[in-house]
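Survey of secondary and tertiary structure
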Amino acid sequence: MFEGTDRIWMDGEFVDFEDAQTHVLTHALHYGTGVFEGVRCYDTEQGPAIFRWEEHLDRLYKSAKPYDLDIEFSKDELTEATTELIETEGFESCYIRPIVYYGFDSLGVSPKDCPTKTTIAAWPWGAYLGEEALEEGVDVMVSSWRKHASSQIPTNIKTTGLYVNSMLAGEEARRNGYTEAIVLNKEGNVAEGPGENIFMVRDGEIYTPGLAESILEGITRNTAITLAEEMGYTVHEEATISRGELYTADELFFTGTAAEVTPIRSVDDNEIGEGTKGPVTDELQSAFFDVIESGDREEWFHYV
Ligand code: PMP
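Residues numbered from 1 in each chain as written. Predicted model: local features only at pLDDT ≥ 70, side-chain atom pairs only at ≥ 80, totals over all residues.

The protein chain is annotated in an unreviewed UniProt entry as Branched-chain-amino-acid aminotransferase from Haloarcula hispanica. Per UniProt, the protein chain has the following entry under Function (unreviewed entry): "Acts on leucine, isoleucine and valine." The Sequence similarities (unreviewed entry) field of the UniProt record for the protein chain holds the comment "Belongs to the class-IV pyridoxal-phosphate-dependent aminotransferase family." (UniProt positions renumbered as here; feature names shortened; annotations may be inferred.)

Right, dumping it as structure tokens:
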């Protein structure tokens, strides 16, 4: 039973955990018509600070757009609600989950008379794929499920319905004894993980699939690219990566708000590099956690 928080912010007010309910005929429950974010607040040397909050908020509003979800709150109001939630719950670090979705009016596929509901929850959440994964790396399999093409549904933004594909891929991997999946796109090239972007290191240069490959425009992806370039690496951020290149990569790693920077040590039982965290991944992961721990890169933090 989830016991991570006492209160949840719903449509302008804080409500007790037990009372944070929605109707069973909610449009989004039936049709996946919600958009959401996953954000982390870190316990930095400057105190609790939300990592890349502005970028996450921007993506939430962008995600809402194609679905005509009219968020009834301003970015400032959502910021205030989130910081108050973190403060009153007394969290030093936590995961934050804003979600905006079509509520109940009628159950036609058209949501035209459905209200837009906005909710923000926060709770403590450690390493997504486990502490050991950050050090040792994870064993992954290429899923038999393909990612939606961006001609079928917008893949660059964060829609609840998209995660049925992520769930299928991730559970298939776990049923087969792996920690996580890699999902190929419709063309058979590498897209991303079920909840992560993917990077490859080859001959000292870094490659990651571009938006045209059906990936979410990840904020940690952007953080990793920025840090890697600052460290002097060449980053190819519009790469097309074949399945074979995965197996022969020098290093592979995932990035994501939940997964942070997680090394991949094998794909389909093929050892990647030395089968452990590679040197470039290690350097980048250290740079990432240095930023997080110090909290002094002001443009990337919203201090609570
Ligand atoms: N791809 C997918 C499918 C995801 O769910 C996530 C997690 N939000 C990511 C990539 C990584 O994105 P971010 O770094 O913004 O968390």
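Once you've had a look at it, read on.
For the rest of this paragraph, the subject is the overall build of the protein chain. On a plain count of helices and strands, the protein chain comes out with eight helices and 17 strands. Relative to the 2.2 N^0.38 estimate, which gives 19 Å for 304 residues, the radius of gyration of the protein chain is 19 Å and therefore close to what a compact globule would have. Looking at the protein chain as a whole, 43% of its 304 residues qualify as buried. Of all intrachain contacts in the protein chain linking residues separated by at least 6 positions in sequence, the fraction that spans at least 24 positions is 71%. (Helix = DSSP H or I, 4+ residues; strand = E, 2+ residues; numbered from the N terminus. Rg over C-alpha atoms; globule rule 2.2 N^0.38 Å. Buried ≥ 20, exposed ≤ 12 C-beta atoms within 10 Å, placed from the backbone. Contact = placed C-beta atoms within 7 Å.)

Turning our attention to the pairing of strand 5 (residues 47–51). Buried residues dominate strand 5, accounting for four of its five residues. In this sheet, strand 5 lies alongside strand 4 (residues 39–44) in antiparallel orientation, the contact comprising four bridges. Residue pairing for strand 5: Y42 is matched across the bridge by A49. Connecting the antiparallel pair strand 4 and strand 5 is a turn made up of two residues. (Pairing = 2+ DSSP bridges.)

The next point concerns the domain arrangement of the protein chain. In many reports, interface size means the accessible area that the parts give up when they come together. What the domain assignment lists for the protein chain is domain 1 (7–123) and domain 2 (133–294). Put simply, the middle of domain 1 and the middle of domain 2, counted by C-alpha atoms, are 26 Å apart. Taken residue by residue, the interface counts 22 residues in domain 1 and 13 residues in domain 2. If you list the elements that add at least two residues to the side of domain 1 that touches domain 2, you get strand 3 (34–36), strand 4 and helix 2 (53–64). The dominant element in the side of domain 1 that touches domain 2, judged by the number of residues it contributes, is helix 2, at five residues. When the residues that make up the side of domain 1 that touches domain 2 are grouped by side-chain class, the tally is eight nonpolar, seven polar and seven charged. (Domains from an automatic or database assignment. Nonpolar A, V, L, I, M, F, W, Y, C, P; charged D, E, K, R; others polar.)

Here we come to the nonpolar core. By size, the foremost hydrophobic cluster in this structure holds 40 residues, and its most contacted members are V140, I182, F199, L252 and I264. Look past the residues within four positions of F199 in its chain and what remains in contact with it is I206, Y207, T208, A224, L252, F253 and T255. If you look at the next biggest cluster of nonpolar residues, it comprises 33 residues, including V35, L57, V100 and A122. (Core = buried A, V, L, I, M, F, W, Y, C linked by C-beta atoms within 7 Å.)

Moving on, we get to helix 8 (residues 279–294). Here helix 8 contains 16 residues, and its C-alpha end-to-end distance of 22 Å stays within 8% of the 22 Å for a straight helix at 1.5 Å per residue. Every buried residue of helix 8 is listed here: V280, T281, L284, Q285 and I292. For helix 8, the arc enclosing every buried residue in end-on projection is 125 degrees, short of the 170-degree limit, so these residues lie on one face. Of the residues in helix 8, the exposed ones pointing more than 90 degrees away from the buried face are S286, D290 and E293. Taken from the residues just after helix 8, G295 is the one with a positive phi, measuring 65 degrees. (Expected span 1.5 Å × (residues − 1). Arc of directions from axis to C-beta.)

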